[in-house]
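Read off the chains here:
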Amino acid sequence: DNKVVIVTGGGQGIGRAISRAFAQEGASVAIADIDDEAGLENKEYIISNGGRCIFVHTDVAIEEDVKNMVDEAVKVFGRVDVLINNAGIGTGGTIYTRDMKDWDRVIAVNLRGTYMCSKYAALKMRDLGGGVIINIASTRAFMSEPHTEPYSASKGGIIALTHSLAISLGPDHIRVNSISPGWIEVSEWKKSSQATKPVLTEADHKQHPVGRVGKPEDIANACLFLASEEAGFITGANLTIDGGMTVKMIYV
Ligand code: NAD
């Protein structure tokens, strides 16, 4: 169809698959990414496959960038129907060693960025009669490996932000949902200068109840569904897409 879709972090990884999936369905796609090489490369791919696409250099943590990016999408395509808040980062270290600036950056990109993109997109969606926002959280919102505090906290924040936005924006016909991916293998979905063949063992696949590690397309397909009319009664929900890992009991 002819929807206008913004995908943050649409240059690489899961965002690359999401933007291509929407373009394939006939949507006009605005890729908002901080990495120009990745964003431009994916834009060229989409256009050379017959799609409509623009790339807007955007750091989702910078308010001017976000405002400009949404304005640009509306200027070129006339409206905005769907926002996918996909841009996200992690950080290293431990609570004993990690600088507070690393905590601040992760929260600024993952949580504050999601809120800010939602704010500027929702202002347009409200005027245009409605829209859909999909926030990419993580199963790390619900369970952890050691030393992931900023990332996990940001993703837990996205889950709460999602139901909060769903309630506030419902009257303006804007549905807001989140997707929590598990392990999604993105090494082949990086920009070509950094893409590598995935190195996955049999154990990596077998530990998943569905028998395999996830693919970016698994998340892209769910975004297509949540953005569609068929999902019209779904708002404030979180869809976990992890091959069953978070419902598997692990007592030894
Ligand atoms: P990725 O690193 O492969 O791609 C992320 C993209 O976002 C890159 O193109 C990067 O340039 C862009 N980006 C980073 N910071 C940005 C910023 N400040 N402004 C705009 N763009 C920015 O990551 P991915 O694995 O595809 O992850 C995408 C989303 O899915 C993230 O929110 C991540 O937390 C989430 N997620 C991924 C997995 C996984 O296993 N891959 C699992 C759960 C959740």
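Heads up: the structure comes first, above all this text.
Quick caveat, the model's predicted, so the values are computed rather than measured.

Draft legend 1. Examining the sheet that holds strand β5 (residues 131-136) more closely. Within the open sheet, the seven strands sit side by side as β3-β2-β1-β4-β5-β6-β7. Their pairing is parallel. Every other strand in the sheet has two partners, leaving β3 (52-57) and β7 (238-241) as the edge strands with one partner each. On average, adjacent strands in this sheet sit at an angle of 15° to one another, irrespective of strand direction. Bridge count between strand β1 (residues 4-8) and strand β2 (residues 28-33): five bridges; the pairing is parallel. Paired with Val4 across the strands is Ser28, a residue of β2. Packing against the sheet, helix α2 (residues 36-48) makes contact with β2 and β3, and its axis sits at approximately 170° to β3. The sheet strands contacting helix α3 (residues 63-77) are β1, β2 and β3, and the helix crosses β3 at an angle near 155°.

Draft legend 2. Quick peek at unusual backbone geometry. Phi is positive for His147, which is not a glycine, with a value near 70°. Structurally, His147 can be placed in the loop between β5 and α5 (149-169). Look at His173: it is not a glycine, yet its phi comes out positive at around 60°. Here His173 shows up in the loop between α5 and β6 (174-181).

Basis of the calculations
Residues numbered from 1 in each chain as written. Predicted model: local features only at pLDDT ≥ 70, side-chain atom pairs only at ≥ 80, totals over all residues. Heavy atoms only, no water. Pairing = 2+ DSSP bridges. Helix = DSSP H or I, 4+ residues; strand = E, 2+ residues; numbered from the N terminus. Axes fitted to C-alpha atoms, helices over the stretch in contact; angles between N-to-C directions. Contact = heavy atoms within 4.5 Å.

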